[in-house]
Amino acid sequence: MKRFFDFRAFRLAALAALSVVALAACGGGADTTENPVTDPGSNNGSSYSGPPPATGDIQAFKVSLWENIHGDNRCGGCHNAGGQAPNFARSDDVNLAYQAAQSIVDLSNPSQSRMVTKVGGGHNCWLADAGACAEILTGWIEDWAAFSSSGGGRAITLQPPTERDPGQSKRFPTTAPSQFNAVHTLLTTYCSNCHAPDAGTPQAPYFAVADIDDSYEASKIKMNLDDPSQSRFVLRLGTEFHNCWSNCESNATDMRNAIQAMADAISPTQIDSSLVLSKALTLFEGTVAAGGNRYDANVIALYEFKTMTGSVAFDTSGVDPAIDLNLSQGVTWVGGWGINIPRGSKAQGLTAASRKLRTRIGLTGEYSIEAWVIPGNVTQEDASIISYSGGLNARNFALGQTLYNYDFFARSSATGSAGTPALSTADADEDLQAALQHVVVTFSPVEGRRIYVNGVFTGDVDDEGGGTIGSWDDSFALVLGNDAANNRPWTGVVRMLAVHDRVLTPAQIQQNFEVGVGQKYFLLFGVSHLTGVPQSYVLFEASQYDSYSYLFTNPKFISLDPNARPGSIAIRGMRLGINGAEPAVGQAYRTLNTTIADAGYTPAAGFPLSTVGTIIGLEEGPESDEFFLCFDQLGTHQNVCSTEASPTPLPKVASVDGADIGVRTFDEISAMMSSLTGVPESTASVRDVFTGIRQSLPAGSDIQAFLASHQASISQLAIQYCHAMTENTTLRNSFYAPFSFPPSLMSGSYSSLVNPVVDKLMGTDLASQPDPTLVGNELTSLVGTVCGVDGCTTSAEVTLAAKAVCAAALGSAITLVK
């Protein structure tokens with residue numbers, strides 16, 4: 001049976017920490033353009049003249065669903081009075097339309113409504129993506145179902161999966177097998193014009209690269225070893241007719257045969273039938289959890305980035321006109337729903353569609369912008385994450401980044417035409433981090449602006465106060481990753497964006513933060529055959545963490561029978577399995593040892609087993625990867641799963657004393673370089689470099705923690721200090737004296753440059769220090785490399801050699817070690 005799940009009780013458990021590295025690249029942006037607003041249909045709610053709704057539920061149906069679908073360019077073009085049955089979009093009588101809708105709408109589980117699944121399968125979607133249409137329809141039906149509720153949230157109904165035992169499965173070898181050569185040949189011959197990093201219009205994934213190992217890694221997710229005919233490579237050619245090189249059917253056959261030959265050479269993994277195993281299922285066989293219990297009663301624009309392909313991110317709010325975002329070159333889709341925006345690229349809506357924001361927010365005078373973002377770094381300045389703008393000095397609102405700070409620009413009667421001065425988070429708080437964060441900014445006429453990060457008000461007060469927004473310009477465009485004039489580029493990942501035409505309360509913001517973001521499912525691993533409890537499962541919240549892995553978190557024991565109780569069930573040593581095998585890593589529940597008891601069990605929330613999360617590597621992709629659970633003990637059933645994931649004792653290491661020497665840390669390094677060169681730390685060019693590499697400099701003085709990456713960043717800073725000093729005549733004369741920068745410098749005179757630098761930077765009378773002679777020899781050799789066999793023959797070459805000697809010495813151990 002179906003059962004509603006207490007989502008908030010589930011999510012109040014500890015959240016797993018996430019970290020992401022975003023790639024930076026360059027690309028172009030689309031100009032702001034006008035486009036006619038999509039008309040939802042020739043028939044609209046205001047023109048309805050039929051019998052009034054007979055009940056409150058029919059009125060809810062009319063307002064939430066019927067008014068959105070009865071237009072001629074939606075469902076009303078066919079399912080009208082006298083048209084194709086069922087006539088749920090008829091315009092003559094909304095009561096009869098309501099009756100017809102009963103057979104195709106499931107209010108207890110809107111996403112599974114026949115209306116939704118039909119359109120999601122490609123039936124007369126009014127957008128380019130059927131999934132986006134299905135998402136919009138689901139939202140309208142959810143609004144109908146929750147019309148009389150003050151919660152404004154989405155209900156989640158757990159769906160019991162079809163039970164099956166874990167099957168044997170073929171697993172990709174660690175390295176590319178020789179049989180992959182045939183697949184690789186097809187890919188590099190016919191796909192390299194797009195799916196390679198050096199292509200004219202490169203498109204990820206880069207499976208058509210010449211390096212066969214790189215190609216193999218990128219291709220795994222596109223190949224199905226258990227059923228090669230269902231490989232994405234094959235389907236893309238045979239059923240979607242994507243860039244076939246001759247005959248699509250023939251090309252698909254060639255690709256299928258190549259994958260089949262590789263699959264035939266791989267033996268399937270056999271599962272030991274004596275193990276204590278749950279039933280199995282794939283990610284997509286779970287109950288969709290994403291968005292569950294979100295507060296979205298006043299959303300007017302919504303982007304969850306579920307399409308995962310193409311060049312458009314659809315607005316699935318269901319509020320017309322949809323502000324669909326065009327993705328410029330370089331923007332790529334992120335596994336688990338999201339887009340990655342490299343520096344210089346952006347996602348932009350049309351001006352005419354963006355006018356919806358001015359119209360809807362203008363009616364309320366208040367709004368909220370809610371987003372899940374992953375800033376690419378903490379060195380970006382004057383960067384626009386989200387903006388409703390016309391250019392650098394013309395915007396209605398914008399959420400921006402300056403280093404560790406979020407900036408909120410809001411145009412009103414209390415601020416300028418660019419929404420300035422910005423409300424920014426405090427420097428000392430460093431609220432912005434290069435990690436997945438939930439950010440909400442709100443504006444109200446009374447309180448003005450507020451900023452919330454990860455569900456918590458930052459405490460930053462808007463000195464400008466509130467105001468009115470009558471001065472908003474309706475010719476602006478909604479843009480992600482830049483402003484409309486390409487003046488404020490930002491790099492990072494956007495996982496979700498919602499614009500509300502009301503201020504979210506702190507409780508609603510916390511509620512949405514707890515819900516999380518991304519392609520998430522409730523996976524119900526059947527264990528009734530082991531526990532004897534009817535309809536019993538171990539429930540996980542699972543998601544595709546990124547393009548390479550899955551996140552499993554917060555397991556619970558639960559029964560979908562509301563009258564069932566567990567009694568007393570021992571559970572010990574739970575492992576996650578994938579495709580017939582137990583991964584050697586990610587087994588966070590291996591040490592689980594507890595008893596499921598009535599005392600801690602509730603029908604709504606189940607019995608919590610753990611509050612931690614773990615990462616499991618993606619193999620064949622979310623459509624094909626099959627998961628199961630193995631237990632050392634569950635109830636009366638016992639059998640050790642394996643020793644593969646058992647902890648390996650760490651080797652004993654002899655105790656060693658700490659080093660007598662250490663290294664300077666990041667702030668000490670900059671202060672030291674400033675003192676030795678005379679260049680102030682506040683110098684713009686130096687400050688910019690230091691800010692950009694600060695996190696890459698040593699954070700501790702332990703010399704055993706010093707890395708090559710630390711040295712690379714130190715060298716950058718040393719070069720900048722030496723450049724700034726050498727270009728300043730006064731500082732240069734003091735630092736290099738008595739060297740006077742002659743117009744040329746021959747090999748026999750290199751010591752005249754080197755010796756003053758050694759004397760300046762090396763300490764004297766120290767108990768331990770490098771040999772000055774050896775240091776001088778190394779620097780002299782460096783001058784020879786810079787000047788060449790003929791020596792430095794121009795003033796520019798002499799200056800360059802001086803900077804090289806300075807930077808090499810300043811960024812070396814003679815100054816860093818303490």
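Residues numbered from 1 in each chain as written. Predicted model: local features only at pLDDT ≥ 70, side-chain atom pairs only at ≥ 80, totals over all residues. Heavy atoms only, no water.

*Asks:* Please explain the pattern of salt bridges as it appears in this structure.
*Replies:* When charged atoms on two side chains of opposite charge get close, those side chains can pair. A full pass over the atoms with the stated rule returns 18 salt bridges. The salt bridge involving Lys306 is made with Glu135; its shortest N-O contact spans 2.7 Å. With a gap of 171 residues between them, Lys306 in the loop between β6 (299–303) and β7 (312–313) and Glu135 in helix α5 (residues 130–145) connect regions that are remote in the sequence. In this structure, Arg687 engages Asp688 in a salt bridge whose closest nitrogen and oxygen atoms are separated by 3.9 Å. One salt-bridge network, in which partners are shared between bridges, spans Glu135, Glu304 and Lys306. (Salt bridge = Lys/Arg side-chain N within 4 Å of Asp/Glu carboxyl O. Helix = DSSP H or I, 4+ residues; strand = E, 2+ residues; numbered from the N terminus.)

*Asks:* Got a minute to help me understand the state of the cysteines in this structure?
*Replies:* As used in these notes, a disulfide is a covalent bond between sulfur atoms, one from each of two cysteines. Enumeration over the complete set of coordinates arrives at 5 disulfides. Shown here is the disulfide that connects Cys125 with Cys133, its sulfur atoms set 1.9 Å apart. Classification of the bridge connecting Cys125 and Cys133 rests on its S-S torsion, roughly 75°, and on that basis the disulfide is right-handed. A sulfur-sulfur distance of 1.9 Å marks the disulfide that ties Cys722 to Cys806. Looking along the S-S bond of the Cys722-Cys806 disulfide, the torsion reads about -75°, which is the left-handed sense. Pair noted here: Cys722 is in helix α15 (residues 708–726) and Cys806 is in helix α19 (residues 795–810), with a separation of 84 residues, a long-range link. Overall, the relative accessible area of 0% leaves Cys806 in the buried class. Listing the disulfide partners of the protein chain by sequence rank of the bonded cysteines yields 1-2, 3-4, 5-6, 7-10, 8-9. (Disulfide = S-S within 2.5 Å. Buried < 20%, exposed > 50% of the residue type's maximum accessible area, 1.4 Å probe, protein only.)

*Asks:* It is not clear to me how the nonpolar core should be interpreted in this structure. Could you clarify?
*Replies:* Within soluble globular proteins, side chains that are nonpolar generally end up buried alongside one another. By size, the foremost hydrophobic cluster in this structure holds 47 residues, and its most contacted members are Ile339, Leu357, Tyr367, Ile386, Phe397, Phe408 and Leu480. Contact partners of Ile339, with chain neighbours within four places excluded, come to Phe305, Leu327, Val331, Thr332, Trp333, Val334, Ala347, Leu480, Gly492, Val493 and Val494. If you look at the next biggest cluster of nonpolar residues, it comprises 44 residues, including Met673, Leu761, Val798 and Ile814. (Core = buried A, V, L, I, M, F, W, Y, C linked by side-chain atoms within 4.5 Å. Contact = heavy atoms within 4.5 Å.)

In short, shape yes, function no, at least from these values alone.
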